[in-house]
Amino acid sequence: MLTGSSTHLSLPMDVSNTSTISTAMSTIKEKFSRPPNVLVNCAGITRDNWFLKLTEKDFQQVFDVNLKGTFLVSQAVCKELVETKSSGSIINIGSIVGQMGNMGQSNYAATKAGVEAFTKSVAMEMATFGIRCNVILPGFIETPMTTCVPDKVKETFTRLIPFKRFGKPEEIGEVICFLASDRSSYITGTLIKVTGGLAT
């Protein structure tokens, strides 16, 4: 995202592949004459299965997108910001599952816990360059990822949520906008739970 610009640019990117990230960054700089000053790492996949049935391939795919991808894109953007002496905001999307765990999601939970620790470490290093790094921990949100969850499972989780409902994507978006803006200029290395009261 390039704040202060009314022009939008859509680019394909495999976050687990450095060459596609480099290509995207070059295109952005060519188009806008500067690197992006806000990055939202929201690419994520699931390959759910019971632990004893989970394959190495499914574990690795989730790791490559959810954690490695967050690292690669964050590093690419931060290098450009440091080189141009620009401030910026990195916003990572974790998950409450990274803190509480979830049956059938040992791979997903591990990567999201990693995103949280990664965020705190990057925040410490990048603060000297005026680059903030924070993580949002959504609870159960109405997205294509949760539409495939069986109704009985949804009902079980809904009973555990104090608000008794799944969250809406816009409710995550509002927090992203806050962290992307100057209103959060003194916030870094912080996690914000958006869970409807689950696991607070």
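Our subject is the structure listed above.
Residues numbered from 1 in each chain as written. Predicted model: local features only at pLDDT ≥ 70, side-chain atom pairs only at ≥ 80, totals over all residues. Heavy atoms only, no water.

## Description of the pattern of salt bridges
And step 1. If you walk through the whole model with that rule in mind, you get three salt bridges.
And step 2. E80 is the salt-bridge partner of K29, the closest N and O atoms lying 2.9 Å from each other. A residue pair is termed long-range when its members are at least 10 positions apart, and K29 in helix α1 (residues 18–32) and E80 in helix α2 (residues 56–83) qualify at 51 residues.
And step 3. Residue K29 is classed as partly exposed on the basis of its relative accessible area of 31%.
And step 4. Classification of E80 as buried rests on a relative accessible area of 15%. (Salt bridge = Lys/Arg side-chain N within 4 Å of Asp/Glu carboxyl O. Helix = DSSP H or I, 4+ residues; strand = E, 2+ residues; numbered from the N terminus. Buried < 20%, exposed > 50% of the residue type's maximum accessible area, 1.4 Å probe, protein only.)

## Thoughts on α1
And step 1. Taking 1.5 Å per residue, 15 residues should reach 21 Å; α1 reaches 21 Å between its end C-alpha atoms and fits that length.
And step 2. Listed as buried for α1 are I21, A24, M25, I28 and F32. The buried side chains of α1 occupy one side of the element, clustering within an arc of 100° when seen end-on. Those residues of α1 that are exposed and aimed more than 90 degrees away from the buried face are T23 and E30.
And step 3. Its buried side turned inward, α1 meets α2.
And step 4. Following α1 by one or two positions, S33 has its phi on the positive side, about 65°. (Expected span 1.5 Å × (residues − 1). Arc of directions from axis to C-beta. Contact = heavy atoms within 4.5 Å.)

Read these as spatial facts, not as claims about activity.
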